[in-house]
Amino acid sequence: MFRFPTQYPIDSPAVQFLVDSTHVAPIHPHVYSNGHICASILGTEWSPVLSVISVCVTLQSMLASCKKKERPQDNDRYVSNAPDNPKKTRFHYDDDTV
């Protein structure tokens, strides 16, 4: 799901996987079980030249190249305290190897 702020494209969209009783978020070290995605292009490395397609391709590449199929280490703590909008989270981007 993409949610576009009024400042888009200067400000990045909020992007997350939809999670409900029939859909679960992909299992990846940068994807929380509530669907929030920790990816620098959605935060500090956002650029107004990026498009919805480029975000989707980046996420697809991130998921396809993953060698560890696991949740982030802090998944349970994050999900229990997470805001509805992932853009309100200040993710720390320190691992681009997965």
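Structure's up top.
Residues numbered from 1 in each chain as written. Predicted model: local features only at pLDDT ≥ 70, side-chain atom pairs only at ≥ 80, totals over all residues. Heavy atoms only, no water.

Asks: Report on the overall build of the protein chain, specifying residues and quantitative values.
Replies: When helices and strands are tallied, the protein chain shows two helices and two strands. Mapped from its N terminus to its C terminus, the protein chain presents α and β elements in the order β-β-α-α. The C-alpha atoms of the protein chain give 13 Å as radius of gyration, which agrees with the globular expectation for 98 residues (13 Å, within 12%). Dimensions of the protein chain, computed from the C-alpha atoms along their principal axes, are close to 30 × 25 × 25 Å. Summarising the internal contacts of the protein chain: among those between residues at least 6 apart in sequence, 65% fall at separations of at least 24. Surface exposure of the protein chain reaches about 6400 Å², of which carbon and sulfur atoms provide 54%. In the protein chain, the 9 positive side-chain charges and the 10 negative ones have mean positions that sit 2 Å from each other. (Helix = DSSP H or I, 4+ residues; strand = E, 2+ residues; numbered from the N terminus. Rg over C-alpha atoms; globule rule 2.2 N^0.38 Å. Contact = heavy atoms within 4.5 Å. Areas by Shrake-Rupley, 256 points an atom, 1.4 Å probe, with all protein chains shown as cover. Lys, Arg positive; Asp, Glu negative; His and termini not counted. Charge placed at Lys NZ, Arg CZ, Asp CG, Glu CD.)

Asks: Describe the nonpolar core, listing the residues and the values that go with them.
Replies: Judged by nonpolar contacts, V15, A25, V31, I37, A39, I41, L42, W46, V55, L59 and M62 together constitute the single largest core of eleven residues. Among the elements that take part in this core, helix α1 (residues 52-64) stands out by supplying three residues, more than any other. I41 has contacts with W46, L50, V55 and T58, leaving out every residue within four places of it along the chain. (Core = buried A, V, L, I, M, F, W, Y, C linked by side-chain atoms within 4.5 Å. Buried < 20%, exposed > 50% of the residue type's maximum accessible area, 1.4 Å probe, protein only.)

Asks: I'd love a proper account of the environment of K69, names of residues and values included.
Replies: One can find K69 in the loop between α1 and α2 (75-81). Of the residues examined, K69 reaches a relative accessible area of 55% and is grouped as exposed. Residues K69 and P83, 14 residues apart in the sequence, show an inter-C-alpha distance of 25 Å. Discounting residues that sit within four places of it in the chain, K69 has contacts with I27 and L63. Looking at K69, its side chain comes within polar contact range of the main-chain oxygen of L63, at 3.5 Å. (Polar contact = N/O pair within 3.5 Å; in protein donor to acceptor, adjacent residues only side chain to side chain.)

Asks: Before we move on, can you summarise the packing of aromatic side chains with the specific residues and values?
Replies: Taken as a whole and judged by the stated rule, the model has six aromatic pairs. Plain terms: the ring middles of F4 and Y8 are 4.7 Å apart, the flat faces sit at 70° to each other, and that makes the pair edge-to-face. Look at F4 and you get partly exposed, because its relative accessible area is 44%. Classification of Y8 as partly exposed rests on a relative accessible area of 28%. An angle of 40° between the planes, with centres 4.2 Å apart, marks the rings of Y32 and Y78 as tilted. (Phe/Tyr/Trp six-rings, centres within 6.5 Å; stacked < 30°, edge-to-face > 60°.)

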